[in-house]
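Descriptive analysis of the structure
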2 protein chains.
Amino acid sequence: MTQDGPDIRRLFRPRSVAVIGASHNESKIGHKILSNIVSGGYEGRIYPVNPKGGEILGIEVARSMDEVEADIDLVCTCVPAKFAYDAVMGAGERGAAFNLVITSGFSEVGNIEDEKRIADCAREHGMRLLGPNIFGMFSAASSIDATFGPGGIRHGGVAIITQSGALGLAMIGKTAVESVGISAIVSVGNKVDVDEADLVTYLMEDDITDVIFMYIEGVRNGDRLVEVLKTATRKKPVIVIKSGRSKRGAVAAASHTGSLAGSDAVFDAVMRQCGVLRAESVKEAFNLCKLLPEISIPKGENTVIITNGGGIGVLATDACEKFDVKLYDDLETLREVFDPATPDFGSTKNPIDLTGGATSKDYTCALDAALAHDDIAAVIALYCETAVFDADNLAEMIKDNTEKYRRAGKPIVFSVFGGRVAEQGQATLTKEGVPVFGDVYETVSCLGGVYSYRRYLSNWTDTIHEEDIDVPAIEAVIREARADGRRFLLAQEGRDVMRATGIPLPETRVSRTLDEAVAIAEEIGYPIVMKIVSRDILHKSDVGGVALDLENRDEIIDAYQAIMRNCRASVPDARIQGIQVSEMAPAGVELIVGARRDAAFGPIIMFGMGGIYVEVLKDISFRAVPLNRAEALEMMKEIRAYPLLLGVRGEERKDIESVLDAIIRLSTVIRRCEGISDIEINPLMAYEQGQGAKAVDVRILLSDVAGGEADA
Amino acid sequence: MTQDGPDIRRLFRPRSVAVIGASHNESKIGHKILSNIVSGGYEGRIYPVNPKGGEILGIEVARSMDEVEADIDLVCTCVPAKFAYDAVMGAGERGAAFNLVITSGFSEVGNIEDEKRIADCAREHGMRLLGPNIFGMFSAASSIDATFGPGGIRHGGVAIITQSGALGLAMIGKTAVESVGISAIVSVGNKVDVDEADLVTYLMEDDITDVIFMYIEGVRNGDRLVEVLKTATRKKPVIVIKSGRSKRGAVAAASHTGSLAGSDAVFDAVMRQCGVLRAESVKEAFNLCKLLPEISIPKGENTVIITNGGGIGVLATDACEKFDVKLYDDLETLREVFDPATPDFGSTKNPIDLTGGATSKDYTCALDAALAHDDIAAVIALYCETAVFDADNLAEMIKDNTEKYRRAGKPIVFSVFGGRVAEQGQATLTKEGVPVFGDVYETVSCLGGVYSYRRYLSNWTDTIHEEDIDVPAIEAVIREARADGRRFLLAQEGRDVMRATGIPLPETRVSRTLDEAVAIAEEIGYPIVMKIVSRDILHKSDVGGVALDLENRDEIIDAYQAIMRNCRASVPDARIQGIQVSEMAPAGVELIVGARRDAAFGPIIMFGMGGIYVEVLKDISFRAVPLNRAEALEMMKEIRAYPLLLGVRGEERKDIESVLDAIIRLSTVIRRCEGISDIEINPLMAYEQGQGAKAVDVRILLSDVAGGEADA
């Protein structure tokens, strides 16, 4: 999906900008944007364009793009929707590189046709288009505020990409009052061309951007976004809010897998797989945006809580368990480190309780000790307002220690709770851009986010696992089914695909005669299952066309004759190809492994336990494809019933490696065989360690015609 | 546990107060408390007590309690720990009603003995004691601030009870900056006498208290607290933060049930059963404390979101699903109601989108329409900062509408997100005590709390269900086991208890002869299970003392002889009482129902599904006893596997009524038979509707000696 075109750096560092629809009227967006560009300190060339000509804000106005002499890196299109096509055409013809189409009134109100026209027009001219229906963009790299927002954006390390205009504008205001420094803000709106993946590709390499924060309402081309995010998160943290999580996405719920895959569950799993921090609320996202640019990623897991109040210490301890922050518990070392800093009635156990009598000096003393000790990887410092504390020093103490920790590369988070002193301290620190939190719970949640990012980085590997599968054989099966006018595979075809994929099956052959059936059964070994093979008989059990658990030669003979008799009696005209003679797979742990093409994320894979676990308990996990064995194992461990595979109540461990192998092979199929849209093994029977796993039943659906053609 | 003694109103409305240890030194607690009492506007008589005499803050100091003439309702004891006993004794002898023992240095540092001494002393004198180790108390009813906190407490409707001193003091500061009005704050500290139950008993009847907020670290006499809370929540909302949730409580994990019952899971379930709103963070609790006194409880479930931004509208919609706030979805009515208030590009679907162009007038217009319509029960009003909004009117608009809604008894929550305008609006409103939130997520979470309270009240009933059980028969069994020196019941005794409880069992009798065995089997019907009965044979299966699935007379005869032969061969000296002949319970859905005495909450009952559901998936629920059938059904529905009882995959609904009956009967046993400490039916086999449920196995443990004596 990557589009050739101008270098995206020209978007973030434009040498020239034209505002088409620049207005003399101060209340108009076309004025506000120009005014923000001017007052924002942009040093490139600025060209207001308006057929009326004249001057706006002391800048001469071009009557049309033709009058603009320079090469234009960035155009802001602020004209009404009915003039938008001409404006885009004009900019395209002048060779503009990027066009921010601020104008609204397109697909968001159902006007898809005009949106497509301007998109096509831009593409034809090799011009990249943002929007339409956006508020513009800000880039600190060239001090350009080409938005109609409130202005006065503080420069810093956070890049924001937002799909919501109103929320994005309000965020600009919020970053100002919260002193969150911004490297870029881009409104992506209807995303007809430039999308999050394009922007993240630039921002991840951008030196002034420390953190990327995205507000997403819907994902298109999710597989490309996944690829970009996987690279980006290794360079810097990425935070995402995805709204609309309560709405079921428009997933083509063709298979069992599909119908279970609420798109939000998939989004969530895929973001985790990419190392993205998903925030539930704007508050949570802002907390991370404030903290992450100011701290280092911890070098280990040992966290210490330093507090002057027992109560908030306990609350923080609870929160640490909830948000998976590990508390350092080497009591002897803790005593050695903190004894000199802790009064008699305090505690050197973690939380370190400096008691209500602690002054700013006491805090600094304890924090210095924690900073100096290499085994301590991170510190949570809590201040509960007391009367004895030297209130005037609170902000200074926090600022100094934050700075010391920052220089030393050890993360620290401060929480301050109380009345006036706490409030004033927080206000002072916020103004200076020093991260400090109110609620203990939020504080720890934030550090928990940092730790989950750390763990992602530590476990990261660029390995992708695929297995050798016989793609031509699978494609041949698909072609045959398509020739037959089917969008699904028959049981026998499904088994052929499994064989070509290298996933073990219960042994099965079709017999044409009684003698053949007996011979096959003797070869496979008992117990045996027999089934009628006839395209004219769909519900085989209903007509007595199935016999289970056959233990010997005599039972095979009886069953063969009974099946033939039953089927001929029930469906006299049925064309019978023979009787299938199969190994009866012994009972094991029933699993479901599925793969399908998600509308947003492309190929994904799912895992769960068979029977009620998936259907009733919704105990299911997802990953984007491709993946490696470690990711596949993580996916398995995510389900609540995972301990059943490890063996509980005296049972043996199951053959987890064989299940992993099946997952990797299925991910290879969905990736390599575009003709397949859905594939579900249910059950995949897992046996004890060393005994493997077998695909007892498989359902395969084919892609629609386009996919089929691609595959032909 | 209720203690006779002075009327608790004398604590909250004392006519006189003595400060023992009142100090001339301004830095001392004994000075600060006196000064807070004086400056807080208390109008009763104040008696500083200090052997040095003289005057403090212009008040004459008594040298001892003997010098104090008046009857003393309230004493504040601020002396060092070593003088505390004498001070308490002095106050007791003078007939003081309540004593706030501020002094620390008792059980919190391991000094249990002295704590017990002062507690005993107070009790002997009929004086109620708060603490020790507290910061005092504030009561708006008599304007008394007997704390050493920052003073300047704003009067209002929130009562706070806190077990943590430091956190409580910081909360006083926080209530001031957040303009949360307070009716009372009580520090309970080590709780040797007065505890939460005593205080809630008063506060629930207190006219000026609208909401009760408790910070709890540990619960003693939980059964009394449960009783009080059940009454209190019908009168006003109660919010609880329970810290230390990550620590396993000191639950005597004697049985399977016990070992699973992390005390926090029990606490959580019991609070929900009492209609208490449990907050996870102080922030969440404060949000509820701000909102609840200012709004009415909604009269219905239909909520409407009114917004000027699509993005925050979607975020709020997501949050509504998460926090179980139901969005009104009668699109036609919505259109009728909101069409006049919504511009062309807006939406009258819920969320109602007034668009970014909305002014304060537009908001009021839409809010008036929502207020006027009876089907709309609650409103979430979101404001996303825009340039066009008449910012100066924001606070006024919110204040006016809040007031209108308050008068009309319809709840409304406002969320304001953005920059300076939003911040200033919020600051103005907070100062005036008008509840307004920043984050959309927190806003909806808060309304979700209100709704969960509403639902509790709507479903509330004072019914308690018990069943007739044969207590004397059960007590006889217990006596016999105790006489035998056992703290557990044998299988046969367990079955006797089940019979006395009225819970069906597989039919079972003991045969002494082969003929008798055959006769019993014929009477019970096949299949049959047989087991050796001998106290000398513990592991019956190991010695061949068990035979399963016996289908006819011949198999009974063979099995009888085989069991006898096997047992005599393996344990030649065994005294054999006979062979037990039992109905083999058919397979059903395996459930676990247990009851035990929780260290904190007294008798509780648990429910889960047998096998891996409880052990591996921890799918388990709890309730305090007594309970009614509706509560028991709620407990059943709470487990994730509940749909299995309703019937999935074509299976029939199970006999849920019989399971409910077993739960009620077991709750009756644990309530009526103090001699039993743990009882667990595992499995309780549930059959199809109308087929009942059977206790296949039961384990019963007896209470320790004290319980045994009570029971004898």
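Let us look at the structure shown here. Just so it is clear, the model here is predicted, and its values are computed rather than measured. (Residues numbered from 1 in each chain as written. Chains lettered and ligands numbered in written order. Predicted model: local features only at pLDDT ≥ 70, side-chain atom pairs only at ≥ 80, totals over all residues. Heavy atoms only, no water.)

1. Thoughts on the relation of the copies chain B and chain A
Counted only if it meets this: Superposing copies: least-squares fit, C-alpha atoms only, residues required to have pLDDT of at least 70 in both. The contact criterion used is simple: two residues touch if any of their non-hydrogen atoms lie within 4.5 Å.
Rotating chain B by 180° about the axis while translating it 0.0 Å along that axis superimposes it on chain A, leaving an RMSD of 0.1 Å. Accordingly, the operation relating the two chain copies is best matched by a two-fold axis. Most of the interface of chain B is mirrored in chain A, where 100% of its interface residues again form contacts.

2. A short note on the pairing of strand β2 (residues 45-49) of chain B
Residue and element names in this part refer to chain B. The condition that has to hold: With a 1.4 Å probe rolled over the protein chains alone, any residue whose accessible area is under 20% of its type maximum counts as buried; one over 50% counts as exposed, and the rest are partly exposed. Helix and strand definitions follow DSSP, with helices as H or I runs of at least four residues and strands as E runs of at least two, each counted in order from the N terminus. What makes two strands pair is DSSP finding at least two bridges between them. Handedness is read with the strands pointing away from the viewer; a crossover is right-handed when the path from the first strand over the helix to the second is clockwise.
With four of its five residues buried, β2 lies for the most part within the structure. Pairing of strand β1 (residues 16-20) with β2 involves five bridges; the strand directions are parallel. By the bridge assignment, Ser-16 is partnered in β2 with Arg-45. Viewed along the sheet, the connection from β1 through helix α2 (residues 29-39) into β2 turns out right-handed.

3. Some points on the interface of chain B and chain A
Condition: Once two parts are put together, the accessible area they lose, assessed with a 1.4 Å probe and summed over both, is termed the buried area. By salt bridge we mean one thing: a side-chain nitrogen of Lys or Arg within 4 Å of a carboxyl oxygen of Asp or Glu. Polar contacts here mean pairs of N or O atoms no more than 3.5 Å apart (in protein, one a potential hydrogen donor and the other a potential acceptor; neighbouring residues in sequence count only if both atoms are side-chain atoms). Three categories are distinguished: nonpolar for Ala, Val, Leu, Ile, Met, Phe, Trp, Tyr, Cys and Pro, charged for Asp, Glu, Lys and Arg, and polar for the others, with Gly belonging to the last.
Listed as interface residues are 55 residues of chain B and, on the opposing side, 55 residues of chain A. Roughly 4600 Å² is buried in total at the junction of chain B and chain A, and carbon and sulfur atoms are behind 66% of that figure. Our count for the contact surface shared by chain B and chain A stands at four salt bridges. Here A:Glu280 ties to B:Lys322 by a salt bridge, and the two come within 2.7 Å at their closest N and O atoms. In this assembly, chain B and chain A are joined by ten residue pairs in polar contact (both at pLDDT 80 or more). At the level of elements, α5 (165-177), β13 (238-242), α10 (282-291), α11 (310-322), α15 (420-431), α16 (440-459), α21 (612-615) and α23 (643-646) of chain B are the ones that each hand at least two residues to the side of chain B that touches chain A. In the side of chain B that touches chain A, the residues fall into 26 nonpolar, twelve polar and 17 charged.

4. Some points on the pairing of strand β25 (residues 620-624) of chain A
Residue and element names in this part refer to chain A. Across the five residues that make up β25, a large majority, five, are buried. Side chains of β25 alternate between two faces, with Ile-620, Phe-622 and Ala-624 and Ser-621 and Arg-623 buried alike. As defined by bridge partners, strand β24 (residues 602-609) adjoins β25 across five bridges and the pair is classed as antiparallel. Bridged to Gly-608 within β25 is Ile-620.

5. Considerations on the packing of helix α6 (residues 196-203) of chain A against helix α7 (residues 222-235) of chain A
Residues and elements named next belong to chain A. Filter applied, for reference: Axes, fitted as lines to C-alpha atoms, cover a helix only where it is in contact. Angles between the N-to-C directions of the axes lie from 0 to 180 degrees. Should an angle fall under 35 degrees it is called roughly parallel, over 145 degrees roughly antiparallel, and 65 to 115 degrees roughly perpendicular, with every other angle called oblique. Handedness of a helix crossing follows the sense of rotation of the near helix relative to the far helix, less than a right angle counterclockwise being left-handed and clockwise being right-handed.
Remark: α6 packs on α7, axes separated minimally by 9 Å, with the N-to-C direction vectors making an angle of 20°. Relative to α7, the element α6 lies roughly parallel. Considering the relative orientation of α6 and α7, their crossing is left-handed. On α7, the residues that touch Glu-196, Ala-197, Asp-198, Val-200 and Thr-201 of α6 are Arg-224, Leu-225, Val-228, Leu-229 and Ala-232. Among the residues forming the contact of α6 with α7, the class breakdown is six nonpolar, one polar and three charged.

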